[in-house]
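Commentary on secondary and tertiary structure
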Amino acid sequence: MGVLTIIISGVLVGGMYALIAIGLNAVFGVVRVVNFAHGELVVLGMYTAYFAWTVWSVDPYITAVLIALPLGFLVGLVIQRFVVQRLLDEPLMQMFATFGLLMLLQNLFLAFTRGEPKAVRVAASSASLDFFGVSVSVSRLVVLGAAIVVTIILVVFLRQTLYGAAVRAVSQDRGTAALMGINVKVLYMVAFGVSGAIALMAGALMSPIYTASPALGFSFVLPAFAVVVLGGLGSIGGSLIGGLIVGVVEALSGYFLDPALKQAVWFTLFLAVLVIRPAGLFGRAGSEEIGQR
Amino acid sequence: MNAQTSESTQSEFVLECHSVGKTYGGLKAVSDVNIAARRGEILGIIGPNGAGKTTLFNIISGHVGSTTGTIVFNGADVTRKPAHTRARLGMGRTFQIVRPIRSLTVLENVMIGAFHAYPTREAAAQQALRVLERVELIDRAKSNAGDLTLAGRKRLEVARALAGNTQLLLLDEVMAGLNPSEANLAIAMIHRLSLTGVSVILIEHNLKVVNELAQNVVVLDHGAEISQGSPAEVLSDPAVITAYLGNRKVAK
Amino acid sequence: MKSDPELISDETSEAPALESAASHGHGLRSGKFSWLAFGIGMVVLGGVAALLLNQPYYLSLGAVGLLFAALASAWNIIGGYGGQFSLAHAVFFAVGGYSVALTQVNWKWAPWPGLLLGIVLSTILAALLAWPLFRLRGPFFAIGTLALSVVVLALVTWMPWTGAALGLQIPFNEQPITSRPAWAFIFLGFLAVCVAVSLVVSRGRLGFYLVAVRDDQEAASAAGASALWVKTLGFAISAGLTGLGGGLYVMYLGFLDPPTFLDAVQIGAFIPLCALIGGLGTIVGPIIGGLVLPTLQTYMRGAFSNLPAGVSEAILGLVLILVALFFRAGIWGWLTSLVRRVMSRRAKSDERANI
Ligand SMILES: Nc1ncnc2c1ncn2[C@@H]1O[C@H](COP(=O)(O)OP(=O)(O)OP(=O)(O)O)[C@@H](O)[C@H]1O
Ligand SMILES: [Mg+2]
């Protein structure tokens, strides 16, 4: 295995982390709430794809767009409306609540699937392209592509539209934005909806690659947090780049050190970033403190 | 300025700011401000909204790092010292938007300010009671801080800032939002505090209050110091008048 | 930023002096009788344990409850008073556990110096980690601590000298206390230590500073409290006690494996959950939560044993959400506010009777 192979596989894994982290950051950047249950939403997307595939023989890529996106939007909306909205001024309780949601969803998955792994296997699962002599998995390439497309859409949308301007106003100062006539509640619901949609779509896109299991969400959400912190809190573009960095670092350390240590390596990276530049590589300085007050 | 200040703790000035500045992105919130507060005096700081008054306070108290300049407190350079160290050295401040510790009582809030000088619970409580007496909040000692009226909360801010044997009191618009009779009580209170030897720097919008209390006044506009002197001098300064009338082009 | 109602509404709301004189929830005003109440409480718990002496099932339930009550009290110092949602306490729990197990298995130490070592190591580790971790505020601190506990789990499972995934087994003949009933009293003693430390902390300067930093870090620093130092002290004390708990738990179980000690949910989140359900930032709350929650969980596991795995944990998750939404003051907060309401109603009706 050459270093090129490792870097490419790292970039592909990084695309997945980026896609998950973008959803997490979409909520964080606007609502300033950390959703511990985000990884479970990704797993929900995987189960949705599995269900659609086994029951209606729907291809997971079709599920991703036609079912996961709207369903995820709805799920995000519900989480915001019935849980987070009531806890906006209670940072500690937000954490308890989204952590509770993590436990609830994870164990519901366990109860419903009885812990049996659920795998979706379609042609894309095993298809690969040849890239300078390195074989590249098509399904992973799709995830990376999705991460890039979602980043571009969100960045353009946030820069160009009135909604984007409103988002910027709200994320800086909720009270003043409300006085300016922005419907903060609707905005937050949209933000959570978008986050949920991206999460479920990510899950559906990942279903041909990974075998869905209840504990998987937890293993996704931690690197995603590392990515968010690394790339910058609230910076969508930063999440994409942060995801790729974490993916490559993880792949390299897995190869040169020991695969069991990859988490320790990105955690060290994560701590180093926190100490040197708490706002992350592309975040606005000071934004890490907004979560508190 | 005075090169010897860092040696003598009994210097004439309790606080000196040497060309302090702070930029937020491209915005110069405070630029090249020089002020000096004499021991025991009441120094007024006035200026239109957004002039940089609160930012200047944040720089003095250490809540915001200055981009340029030095802060000398009691003859010692505190520019690199964190906020809590400056508080322990005897600098007390209030916040324009009051910030009571909501899950504590009034007494306990003041104890928070006293603890660094009175480390035990009993000593801190004694000191807090004395301070509450001075700001006439003693009868609300056991109330929850959040239950006070605005006037009460402003007094609580002052009490907490005063509790740690404070030598310099930074008051950020402690009269804003009070009705005239409450404001008069507050003026009397500040006057009394000043007589006990505490130096006061006072941000105020109400020029009448400044006129009544302050011996010296600094005027800020767009982050810069545009005038300095006795209240009478400053209030008749044409630059100040244009700044307050809002004709910014003329003022520049 | 919060909007500032004080700038808008300016009306005089004179709260009745009686209601405000009654202590409001946050435990600092544990009055003159708190040490007396502490003594009585411990004697009562000891009495209950003595009554259960020939009921081994309930006694062992009670022992685990007492352990978690103590752990929740320890967590509450930084998590409740200090408001720092640490998910890393599983790490300190494991440091204590490994200190006892490793010294005993490798060097034939008696467990007692091992316990001491565990306290020292977990305190030092917490103090060292505080510097990077407390650069993070609010949710980011929680993420940092969660990541820490996951990484430590990965490291411990990977390193051979910690017994890797299998963990460590302490030979039965080297366990000094194998009588189950004795453990209920040992954990009671551990609870007494944690509560006593909590009392000392909460009644002293550190407790006030922790609450001040939790409620408003800028205001606290303006009043002379160093937020970093205050949080570091609270974190280290809390971690030291948790390390002691981990050491005792190894002695109780006679073995140690990574999932039992380092699970991010079953230990890392469960301890804060106990404190939350009982009542954060109070002395009594975490004790109640620690006694109630593990018992409830054991009960549910038994009652739902014919349902698929995960149901009881899912219910726990749901409870967590509901408590965060509707029951923030926890059981103890709810009880005290109930008492306060009844008292103020009685006071009002007295007033009316006087008129
Ligand atoms: N944290 C910050 N980030 C960016 N800009 C800031 C920040 N704090 C203050 N400013 C800007 O700096 C300028 C000065 O603000 P400051 O609050 O010091 O004014 P002020 O004189 O206290 O006004 P007021 O009389 O309304 O209290 C304003 O334009 C404000 O928008
Ligand atoms: Mg101001």
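For every chain, the first residue of its written sequence is number 1, and the numbers climb from 1 along that sequence. Chains and ligands are labelled sequentially in the order written, the chains with letters from A and the ligands with numbers from 1. Residues qualify for local features only when their pLDDT is at least 70, as the model is predicted, and side-chain atom pairs are given and counted only at 80 or more; totals for whole chains, interfaces and linings, by contrast, use all residues. Excluding hydrogens and water, the side-chain figures rest on all heavy atoms present in the structure.

Here we look at the packing of aromatic side chains
- To pair, rings of Phe, Tyr and Trp, with the six-membered ring standing in for Trp, must have centres within 6.5 Å; the planes then decide the type, stacked if under 30 degrees apart, edge-to-face if over 60, and tilted in the middle. Taken as a whole and judged by the stated rule, the model has 25 aromatic pairs over all chains.
- Taken together, the ring pairs connect C:Phe93, C:Trp183, C:Phe187, C:Tyr249, C:Tyr252 and C:Phe261 into an aromatic cluster.
- Whether a charge lies above a ring is judged from NZ of Lys or CZ of Arg, which has to be within 6 Å of the ring centre and within 35 degrees of the ring normal. When the ring centre of A:Phe82 is taken as reference, the NZ or CZ atom of A:Arg81 above it lies at 5.3 Å.
- Positioned above the aromatic ring of B:Phe95, the side-chain terminus of B:Arg99 is 4.9 Å from the ring centre.

Details of the coordination of the magnesium ion (ligand 2)
- Excluding water, the donors of a metal are its N, O and S neighbours within 2.8 Å, or within 3.2 Å for Na, K and Ca, and that exclusion means sites may look incomplete. Protein ligation of the magnesium ion (ligand 2) involves B:Thr54 (OG1) and B:Gln96 (OE1), the donor distances falling in the range 1.9 to 2.1 Å. Of this pair, B:Thr54 sits in helix α1 (residues 53–61) while B:Gln96 sits in the loop between β6 (91–93) and α3 (106–114); the two residues are 42 residues apart in sequence, bridging distant segments of the chain. Secondary structure counts use DSSP, requiring at least four H or I residues in a row for a helix and at least two E residues in a row for a strand, with both numbered from the N terminus.

So, the sheet that holds strand β1 (residues 13–24) of chain B
Residue and element names in this part refer to chain B.
- The 4 strands lie next to each other as β2-β1-β4-β5, forming an open sheet whose pairing is antiparallel. Each having just a single partner strand, β2 (27–38) and β5 (76–77) make up the two edges of the open sheet.
- By the convention used here, strands pair only if DSSP detects at least 2 bridges between them. In this sheet, β2 lies alongside β1 in antiparallel orientation, the contact comprising 8 bridges. Its bridge partner lying in β2, Thr23 is registered against Lys28.

Some thoughts on helix α6 (residues 180–195) of chain B
Residue and element names in this part refer to chain B.
- Under the convention used throughout, the expected extent of a helix is 1.5 Å for every residue step, that is, one less than its residue count. End to end, α6 covers 23 Å across 16 residues, agreeing with the expected 22 Å (1.5 Å per residue, within 8%).
- Those residues of α6 that fall on the buried side of the exposure criterion are Glu182, Ala183, Ala186, Ile187, Met189, Ile190, Leu193 and Ser194. The arc that holds every buried residue of α6, seen down its axis, measures 165°, which confines them to one face. Set apart from the buried face of α6 by more than 90 degrees, the exposed residues are Pro180 and Leu195.
- Two residues qualify as a contact provided that any one of their heavy atoms is within 4.5 Å of a heavy atom in the partner residue. In the core, the buried residues of α6 are packed alongside β3 (42–46), α4 (121–134), α5 (150–162), β7 (168–172), β8 (199–203) and α7 (207–213).
- Trailing α6 by a residue or two, Gly197 shows a phi angle of about 105°, which is positive. Between buried and exposed lies partly exposed: a residue is buried under 20% and exposed over 50% of the maximum accessible area for its type, with that area taken using a 1.4 Å probe on protein chains only. The arc in question is the one spanned by the directions pointing from the helix axis to the C-beta atoms.

Comments concerning the confidence of the model for chain C
Residues and elements named next belong to chain C.
- Note on scores: pLDDT gives the predictor's confidence for each residue, bounded by 0 and 100. Mean pLDDT for chain C: 83, with 88% of residues reaching 70 or above.
- For chain C, per-element mean pLDDT is lowest for helix α2 (residues 17–21), which scores 31, and highest for helix α11 (residues 227–253), which scores 95.
- pLDDT under 50 marks residues 1–28. Its contacts with residues more than four places away, or in other chains, come to 56 contacts.
- Among the scores for the predicted complex, ipTM is 0.89 and pTM is 0.87.

Quick notes on helix α4 (residues 91–113) of chain A
Residues and elements named next belong to chain A.
- Between the first and last C-alpha of α4 there are 33 Å, a value that for 23 residues agrees with the 33 Å anticipated at 1.5 Å per step.
- Taking burial as the measure, the 23 residues of α4 include 19 buried ones, the bulk of the element.
- Directly after α4, the chain includes Arg114, whose backbone phi takes a positive value near 55°.

Points about the environment of B:Arg99
- Within the secondary structure, B:Arg99 sits in the loop between β6 and α3.
- In this structure the C-alpha to C-alpha distance between B:Arg99 and B:Glu157, which are 58 residues apart in sequence, comes to 7.4 Å.
- There is a polar contact of 2.8 Å between the side chain of B:Arg99 and the side chain of C:Asp216. Here a polar contact is recorded for every N or O atom pair within 3.5 Å, except that within protein the pair must consist of a potential hydrogen donor and a potential acceptor, and residues adjacent in sequence are included only if both atoms are side-chain atoms.

Regarding empty space enclosed by the protein
- Computed over the protein atoms alone on a 1 Å grid, cavities are sets of points where a 1.4 Å probe fits but cannot get out and pockets are open sets with protein on both sides within 12 Å along at least five of seven lines; a residue lines them when it has an atom within 4 Å of a point. Grid points are joined across faces, edges and corners, and a volume is the space filled by probe spheres set on the points. Under the defined criterion, the tally for this structure stands at 4 cavities of 30 Å³ or more.
- A volume near 60 Å³ is recorded for the largest cavity.
- If you trace the largest cavity, you find it lined by A:Leu24, A:Phe28, A:Val33, A:Val34, A:Asn35, A:Phe225, A:Val228, A:Val229, A:Leu233, C:Phe140 and C:Ile143.
- Taken together, the elements giving at least two residues each to the lining of the largest cavity come down to α1 (3–31) and α10 (216–231) of chain A together with α7 (139–158) of chain C.
- Among the elements that line the lining of the largest cavity, the one with the most residues is α10(A), at 3 residues.
- Any residue that is not Ala, Val, Leu, Ile, Met, Phe, Trp, Tyr, Cys, Pro, Asp, Glu, Lys or Arg is counted as polar, Gly included; the first ten are nonpolar and the last four charged. Its residues placed into classes, the lining of the largest cavity shows 10 nonpolar, 1 polar and no charged.

Topic: the site of ligand 1
Residue and element names in this part refer to chain B.
- Of all residues adjacent to ligand 1, which total 14 residues, the nearest are Gly50, Lys53, Thr54, Thr55 and Gln96.
- Interatomic distance of 3.2 Å between a side-chain N/O atom of Asn49 and an oxygen atom of ligand 1.
- In the environment of ligand 1, an oxygen atom lies 3.5 Å from a nitrogen or oxygen atom belonging to the side chain of Glu173.
- Surface accessibility in these figures is a Shrake-Rupley result with a 1.4 Å probe; residues are shielded only by whichever protein chains are displayed. With the chains in place, 61% of the 640 Å² that ligand 1 exposes on its own is no longer accessible.
- Among the secondary structure elements, those contributing two or more residues to the shell around ligand 1 are β2 and α1.
- In terms of residues, the shell around ligand 1 owes the most to one element, α1, which gives 3 residues.
- In terms of residue class, the shell around ligand 1 is made up of 5 nonpolar, 7 polar and 2 charged. Whether a residue is near a molecule or strand is decided by its heavy atoms; if any one of them lies within 4 Å of it, the residue is near.

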